[in-house]
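Analysis of the macromolecular model
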Amino acid sequence: MGQLMEVELDLYEMTTAANTGLLRVFESIKHNQSWGYNYSGSLTDQMTKSISGCLAEVAVAKYLKIPFEYHCNVGGVPDIIYKDLKIQVRSQLPKKNNSLIIRPKAATNEIYIYVLDKAPKFIIKGFINSSVVLGKNKYLTDFGLDRPKCFSIPLQILTPIFLLKDSNWN
């Protein structure tokens, strides 16, 4: 898979990301917005995942050396824009079988970056263009759960993140 990139967030970056993650959850509740896809986790689980996701977004922005724009409840807007690329950041805490998840209704031609959350350190495992998997059956699964199918992309097939950073995208 290539070289992994590790980013360490400082206390200020973690505090602001955690606050944004919490705000995203509470704004969703305020506007009666569901997490969808038959998600049934507790409020504490939602807060944990939302904070982790925002921490990962800040870590990617820090790695790419671009300012992070703190936002919440903006629907399908990309997490980050980098060199005109629309980027979605996906994070997970370490577990037995980590993989990058892409939903079938995802936009085409977006970059999905996978980040392993080992706060305060975040390991950027790599990226994939959504168009590589959308509309195909490979990697499609429901994990045996009562939830709609999604693409579970093995981490070993992701493109190393430095190729995105060091490329000449327009």
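Residues numbered from 1 in each chain as written. Predicted model: local features only at pLDDT ≥ 70, side-chain atom pairs only at ≥ 80, totals over all residues. Heavy atoms only, no water.

Attention now moves to the sheet that holds strand β8 (residues 150–154). Read across the sheet, three strands follow the order β4-β8-β7 without closing on themselves; strand pairing throughout is antiparallel. With partners counted over all chains shown, the strands left at the sheet margins are β4 (99–102) and β7 (140–141), one partner each. Summarising the sheet, β7 and β8 pair through two bridges and their orientation is antiparallel. Looking at the pairing, leucine 140 lines up with phenylalanine 151 of β8. (Pairing = 2+ DSSP bridges. Helix = DSSP H or I, 4+ residues; strand = E, 2+ residues; numbered from the N terminus.)

A word on the packing of helix α1 (residues 11–30) against helix α2 (residues 43–64). Following both chains from N to C, one finds α1 and α2 inclined at 135 degrees, their axes separated by 8 Å at the closest point. Classified by the interaxial angle, the pair formed by α1 and α2 is oblique. Judged by the sense of rotation from one axis to the other, the crossing of α1 with α2 is right-handed. Every residue of α2 that contacts α1 at Glu13, Met14, Ala17, Ala18, Thr20, Gly21, Leu22, Arg24, Val25, Phe26 and Ile29 is listed here: Leu43, Gln46, Met47, Ser50, Ile51, Cys54, Leu55, Glu57, Val58 and Lys62. Per-class residue counts for the contact of α1 with α2 are 13 nonpolar, four polar and four charged. (Axes fitted to C-alpha atoms, helices over the stretch in contact; angles between N-to-C directions. Parallel < 35°, antiparallel > 145°, perpendicular 65-115°, else oblique. Left-handed = near helix turned anticlockwise from the far one by under 90°. Contact = heavy atoms within 4.5 Å. Nonpolar A, V, L, I, M, F, W, Y, C, P; charged D, E, K, R; others polar.)

For strand β2 (residues 80–82) and strand β3 (residues 85–92), the ladder comprises three bridges, and the chain directions are antiparallel. Bridge assignment links isoleucine 81 to a residue of β3, and that residue is lysine 86. The loop that links β2 with its antiparallel partner β3 comprises two residues; one of these, lysine 83, has a positive phi angle of about 50 degrees. Relative to strand β5 (residues 111–118), β3 runs parallel, the two being bridged by six bridges. Looking at β5, one finds that glutamine 88 is bridged to tyrosine 112.

For the rest of this paragraph, the subject is the environment of valine 89. Structurally, the position occupied by valine 89 is in strand β3. Counting along the chain gives 31 residues from valine 89 to valine 58, while the straight-line C-alpha distance between them is 9.6 Å. If we ignore the near neighbours within four places in the chain, the residues touching valine 89 are Ala56, Glu57, Val60, Asp79, Ile80, Ile113 and Val115.

This paragraph deals with α1. For α1, with 20 residues, the first-to-last C-alpha span of 28 Å sits near the 28 Å given by 1.5 Å per residue. Along α1, the residues classified as buried are Glu13, Met14, Thr16, Ala17, Thr20, Gly21, Arg24, Val25, Glu27 and Ser28. Residues of α1 that are buried make contact with β1 (5–8) and α2. The positive-phi residue at the C-terminal boundary of α1 is asparagine 32, with phi of around 55 degrees. (Expected span 1.5 Å × (residues − 1). Buried < 20%, exposed > 50% of the residue type's maximum accessible area, 1.4 Å probe, protein only.)

Turning to a nonpolar patch on the surface, a few remarks are in order. A contiguous nonpolar surface patch, about 270 Å² in accessible area, is contributed by Phe26, Ile29 and Leu43. Secondary-structure assignment places phenylalanine 26 in helix α1. We classify phenylalanine 26 as partly exposed; its relative accessible area is 40%. (Patch = residues over 30% accessible without salt bridge, like charges linked within 9 Å, V, L, I, M, F, W, Y side chains within 5 Å. Areas by Shrake-Rupley, 256 points an atom, 1.4 Å probe, with all protein chains shown as cover. Salt bridge = Lys/Arg side-chain N within 4 Å of Asp/Glu carboxyl O.)

With that settled, consider the confidence of the model for the protein chain. Low-confidence regions, as indicated by low pLDDT, have predicted coordinates that should not be scrutinised in detail. Mean pLDDT for the protein chain: 90, with 92% of residues reaching 70 or above. Looking at the elements of the protein chain, mean pLDDT is at its lowest for helix α3 (residues 161–165), recorded as 89, and at its highest for β5, recorded as 97. (pLDDT = per-residue confidence, 0-100.)

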